[in-house]
Amino acid sequence: MVPSLLPMMILTSCMIKLNITTAFASVLHPVTKRIYHLSKNGTYALLVGFLCGFPMGAKVICELYSQNKLSKDEANALLPICNNIGPVFMLTFGLKSFVANQIYIILLLFYAIPLIYAFLLFRKRRFSQPEQHTIKKLPFCVALDESISEGASGILSLGGYLMFFSILILLPREFMPLPKPIMSLLTCFLEITNGLSYAPKLPPYILLALLQFGGICCLFQTGKYTSKTDLSFKNYLLHKIILTVITLLFFFVLYVFVSDVCFVSQF
């Protein structure tokens, strides 16, 4: 977690403090503005959230909102869309039980679900703009120092969550003699990273739905950042549950009717 997540925490925070997020998002913004009606900072949050995964989407959105660079309605709307399992994690761990030549198809479909869901939600919306304010320009050394301190604190906190839930998932296995499929479902629901070691015992559509949800541990990680703002965690949870159900139904239909295309005997 430290070598993969900490550099991104430092980099994204530093970019926000140096006010260069809009420049980074400029290339994609004409597309996201037309399709999703996003601001440039909203586009930046969308990029980071999809590329970096949990909990970077929540961190960046809350940080942009706290610095008045993202309006409240846009931040609330983006939070459940951008805060996903990252593609590197998906390719390395999440989809390892799938046949290699089908992985990229499933990955594309997996990320298409929140993007299409966002389009349906945002197509008639016009997000408000944050209030005008004087932009505080920090020297690079100050921005970097603050970003490193915040990143180190964030990593320590997230590591604590992972450690706690990694221990918690041991309890059902030791004290609750449940059937293996139920145990697999429970462990993935609590903490997806360690739970994936039991994933082959789950049907693929359930596994993909759990990956969309992210696990209770990821909810706590997200809540860590939303609790420092007045953004709605209930709204985030509601839309995350809806996305989970949509993912479950979508991949269930594929599994039943076109299993030869998307799912094969790895399960």
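In what follows, the accompanying structure is described.

How each quantity is defined
- Residues numbered from 1 in each chain as written.
- Predicted model: local features only at pLDDT ≥ 70, side-chain atom pairs only at ≥ 80, totals over all residues.
- Heavy atoms only, no water.
- Helix = DSSP H or I, 4+ residues; strand = E, 2+ residues; numbered from the N terminus.
- Rg over C-alpha atoms; globule rule 2.2 N^0.38 Å.
- Buried < 20%, exposed > 50% of the residue type's maximum accessible area, 1.4 Å probe, protein only.
- Contact = heavy atoms within 4.5 Å.
- Areas by Shrake-Rupley, 256 points an atom, 1.4 Å probe, with all protein chains shown as cover.
- Lys, Arg positive; Asp, Glu negative; His and termini not counted.
- Charge placed at Lys NZ, Arg CZ, Asp CG, Glu CD.
- Salt bridge = Lys/Arg side-chain N within 4 Å of Asp/Glu carboxyl O.
- Phe/Tyr/Trp six-rings, centres within 6.5 Å; stacked < 30°, edge-to-face > 60°.
- Lys NZ or Arg CZ within 6 Å of the ring centre and 35° of its normal.

The subject of this paragraph is the overall build of the protein. Counting secondary structure elements, the protein contains 16 helices and zero strands. The C-alpha atoms of the protein give a radius of gyration of 19 Å, which matches the 18 Å a tight globule of 267 residues would have. In terms of principal-axis extent, the alpha carbons of the protein reach across some 60 × 40 × 30 Å. Buried positions account for 49% of the 267 residues belonging to the protein. The contacts of the protein with a sequence gap of at least 6 include a subset with a gap of at least 24, amounting to 75%. Accessible surface computed for the protein: about 13100 Å², of which carbon and sulfur atoms make up 70%. Charge centroids of the protein, computed over 21 positive and 11 negative side chains, lie 6 Å from each other.

This part covers the pattern of salt bridges. In total, this model carries five salt bridges according to the counting rule given. With a shortest N-O distance of 4.0 Å, Lys17 and Glu63 are connected by a salt bridge. With Lys17 in helix H1 (residues 2-17) and Glu63 in helix H5 (residues 56-66), the pair connects residues that are 46 residues apart, well separated along the chain. Taken individually, Lys17 and Glu63 each receive the classification buried, so the pair is uniform in this respect. Across the pair Lys17 and Glu146 runs a salt bridge whose closest N-O atoms are separated by 3.5 Å. In this pair, Lys17 is assigned in helix H1 and Glu146 in helix H9 (residues 140-168), connecting sequence segments 129 residues apart. Judged by relative accessible area, which is 8%, Lys17 ranks as buried. Taken together, the salt bridges that share partners define one network made up of Lys17, Lys59, Glu63, Glu146 and Glu150.

It is worth spelling out the packing of aromatic side chains at this point. For the coordinates displayed, the defined rule picks out 14 aromatic pairs. Judged by centre distance (6.3 Å) and plane angle (80°), the rings of Tyr36 and Phe122 are edge-to-face. Taken together, the positions of Tyr36 in helix H3 (residues 29-36) and Phe122 in helix H8 (residues 100-122) put the pair 86 residues apart, joining distant regions of the chain. Accessibility classification places Tyr36 together with Phe122 in one group, the buried group. Within the aromatic cluster, the residues linked to one another by ring pairs are Tyr161, Phe164, Phe165 and Phe220. Lying over the aromatic face of Tyr225, Lys224 brings its terminal NZ or CZ to 5.3 Å of the ring centre.

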